[in-house]
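If you want the building blocks of each chain, they are given just below.
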Amino acid sequence: MNRKIGIIGGGQLGKMILDETNKMGMHVSILDPSSESPCRNLSKNFIQGDFKDYHTVLNFGLKHDIISYEIEHINVDALDELVRKGIEVQPAPELLRIIQDKYKQKSFFKKNNFPTSDFYYFRSKNELLDSFKKNGINFPCVWKKTKFGYDGFGVKILKNEKDLIELPNSEMIIEDLVVFKKELAVIVAMNKNRDIKTFETVEMEFNPDSNQVEFVISPANISEKVNTIAKKIASDLAKKINLVGLLAVEMFLTPDEKILINEIAPRPHNSGHFSIDACPTSQFKQHINSITNCELGETYHENCAIMINLVGEESHKGLVKYENIDLIKDQKSVFVHIYGKKMTRPNRKMGHVTVICDNFDEAYIKAKEIKDIIKVKSY
């Protein structure tokens, strides 16, 4: 309880971590480049600084006993140096190096026999085009930037040669397009004692235009066999990478009931927000339990939970206003979470709503209504 914890990143995930640590009076500092970070007024020690800068991350880390993060795009060389100087960094920097590069991530899955789609690596757009002229490409397929993608950015389905021409020049992978019937996710936690807990497998519904998650359904509408396999894959991954912390594992469920890993994230994740209101232990509390090597909390929940993402409307950029939020804030078993971001822009994550209900159909209807009612706009 007396150890000083530093969290790199001060977005909504950092805010929700602080919601838990502040309850326990823990000493937690935040590093974030934005003066309008949602964490600025919640942390007793908020440091404004660039988490991609080596010296900023190093100097921040040296003042703490444990360093963790809620965003992947940070300076890993500085994290390595902190470890050499005796500072705990959890999850470990070598894991973050794999996560930051989609080519390394997919190669890790293949090398260690974790199920995933086939892929091809290209160092540049010209290399891709040369390969296309010589060998062709099976359309449709999926293009991904190897680095710095997020929330649908840096991912595109390629349907024809014209789509190749329009790609930016960067390192990339081309993945076989997976025909799937559901997109699933499992959040797994492991501490230094190698105790493991998984949350229930969730089902994610995406917006077809922005490729962002709109709804997260827990538990997923899948068989118990698939649920067990999905949680085992997540647990096996945690063991293989010697995880200390939280890992989100995104997966595809194919029509023949096979599971393929899509991507992983070593931090609290959008697919686990429902746990704040539905589970005895939220994913954010579990993250802290893991990195401080405390006993992991219970993750079950008895009712259906559906999380709805609230994102900025198209063509709205500026000071945020939440249209019709008053219509739902007093509804029974409806929990509203606003992230405290002052400015909105198209598809920016601004909050979420969780609906809890005994009956999935009722909860799903209510979730759809909420998505239609609440609009995140600008003045």
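Read on for an overview of the structure.

## Section: the overall build of the chain
The number of helices and strands found in the chain is eleven helices and 21 strands. Across its three principal axes, the chain shows a C-alpha extent of roughly 60 × 55 × 45 Å. Within the chain, the proportion of its 379 residues that are buried is 55%. Within the chain, contacts between residues at least 6 apart in sequence are counted, and of these 63% link residues at least 24 apart. As displayed, the chain has an accessible area near 17,500 Å², and 47% of this comes from carbon and sulfur atoms. Once the 53 positive and 52 negative side-chain charges of the chain are each reduced to a mean point, those two points are 4 Å apart.

## Things to note about the packing of helix α3 (residues 76–84) against helix α4 (residues 93–100)
Where α3 meets α4, the axes come as close as 9 Å, and the angle between the chain directions of the two elements is 170°. By the angle between their axes, α3 is roughly antiparallel relative to α4. The handedness of the crossing between α3 and α4 is left-handed. Here α3 contributes V76, D77, L79, D80 and V83 to the contact with α4, which in turn contributes P93, L96, R97 and Q100. Considered class by class, the residues forming the contact of α3 with α4 number five nonpolar, one polar and three charged.

## A few points about the packing of aromatic side chains
For the structure shown, the criterion picks out eight aromatic pairs. An angle of 65° between the planes, with centres 6.2 Å apart, marks the rings of Y103 and F119 as edge-to-face. Here Y103 is found in helix α5 (residues 102–111), whereas its partner F119 is found in strand β6 (residues 119–122), with 16 residues between them in sequence. For F119, a relative accessible area of 17% translates into the label buried. Pairwise contacts between aromatic rings join Y103, F119 and Y121 into one cluster.

## Some points on the pattern of salt bridges
In the structure shown here, the tally under the stated rule is 23 salt bridges. Linking K197 and E298 is a salt bridge whose minimum nitrogen-to-oxygen distance equals 3.2 Å. Of this pair, K197 sits in strand β11 (residues 196–198) while E298 sits in the loop between α10 (283–291) and β16 (304–311); the two residues are 101 residues apart in sequence, bridging distant segments of the chain. On the basis of relative accessibility, which here comes to 41%, the residue E298 falls in the partly exposed class. For E200, the salt bridge is made with K231, and the minimal N-O distance between the two is 3.1 Å.

## Focus: the sheet that holds strand β2 (residues 28–32)
Sheet architecture is open: five strands sit in the order β3-β2-β1-β4-β5, paired in parallel fashion. Edge positions in the sheet fall to β3 (45–48) and β5 (88–89), since each of these pairs with one other strand and no more. By the bridge criterion, four bridges tie β2 to β3 in an arrangement that is parallel. Looking at the pairing, S29 lines up with N45 of β3. Lying on the sheet, helix α2 (residues 54–61) is in contact with β1 (5–8), β2, β3 and β4 (66–69); it crosses β2 at an angle near 175°. Its contacts with the sheet place α10 against β1, β4 and β5, and it is angled at close to 145° to β4.

## Considerations on the environment of D236
As for its placement among the helices and strands, D236 is situated in helix α8 (residues 224–240). Remark: the alpha-carbon pair of D236 and V89, spanning 147 residues in sequence, is separated by 21 Å.

## Considerations on a nonpolar patch on the surface
On the surface, L319, M343 and Y379 cluster together to form a nonpolar patch covering roughly 360 Å² of accessible area. Mapped onto the secondary structure, Y379 falls in the segment after β21 (375–378). Looking at Y379, the relative accessible area reads 70%, which means it is exposed.

## Focus: unusual backbone geometry
In this structure, the amide linkage connecting F139 to the following residue, P140, adopts the cis form with an omega of -5°. Along the chain, S218 connects to P219 via a cis peptide bond; the corresponding omega equals -5°. Residue placement: P219 occurs in the loop between β13 (213–218) and α8. Although it is not a glycine, R194 adopts a positive phi angle of roughly 70°.

## So, the side chain of S68
Considering the arrangement of structural elements, one finds S68 in strand β4. Separated by 2.8 Å, the side chains of S68 and H287 make a polar contact. In this structure, S68 is in contact with G6, I7, I8, Q90, P91, H287 and I291, ignoring residues within four places of it in sequence.

## Quick word on the nonpolar core
The biggest cluster of nonpolar side chains holds 25 residues, and the ones touching the most others in it are L237, L243, L247, V249, M251, I261 and I264. Elements with a contribution of two residues or more to this core: α4, α5, β10 (182–190), α8, β14 (245–253) and β15 (259–265). The greatest single-element share of this core, amounting to six residues, is contributed by α8. Sequence-distant contacts of I261, that is, excluding residues within four places in its chain, are made with F109, F114, P115, T116, I233, L237, V249, E250 and M251.

Scoring rules and cut-offs
- Residues numbered from 1 in each chain as written.
- Predicted model: local features only at pLDDT ≥ 70, side-chain atom pairs only at ≥ 80, totals over all residues.
- Heavy atoms only, no water.
- Helix = DSSP H or I, 4+ residues; strand = E, 2+ residues; numbered from the N terminus.
- Buried < 20%, exposed > 50% of the residue type's maximum accessible area, 1.4 Å probe, protein only.
- Contact = heavy atoms within 4.5 Å.
- Areas by Shrake-Rupley, 256 points an atom, 1.4 Å probe, with all protein chains shown as cover.
- Lys, Arg positive; Asp, Glu negative; His and termini not counted.
- Charge placed at Lys NZ, Arg CZ, Asp CG, Glu CD.
- Axes fitted to C-alpha atoms, helices over the stretch in contact; angles between N-to-C directions.
- Parallel < 35°, antiparallel > 145°, perpendicular 65-115°, else oblique.
- Left-handed = near helix turned anticlockwise from the far one by under 90°.
- Nonpolar A, V, L, I, M, F, W, Y, C, P; charged D, E, K, R; others polar.
- Phe/Tyr/Trp six-rings, centres within 6.5 Å; stacked < 30°, edge-to-face > 60°.
- Salt bridge = Lys/Arg side-chain N within 4 Å of Asp/Glu carboxyl O.
- Pairing = 2+ DSSP bridges.
- Patch = residues over 30% accessible without salt bridge, like charges linked within 9 Å, V, L, I, M, F, W, Y side chains within 5 Å.
- Polar contact = N/O pair within 3.5 Å; in protein donor to acceptor, adjacent residues only side chain to side chain.
- Core = buried A, V, L, I, M, F, W, Y, C linked by side-chain atoms within 4.5 Å.

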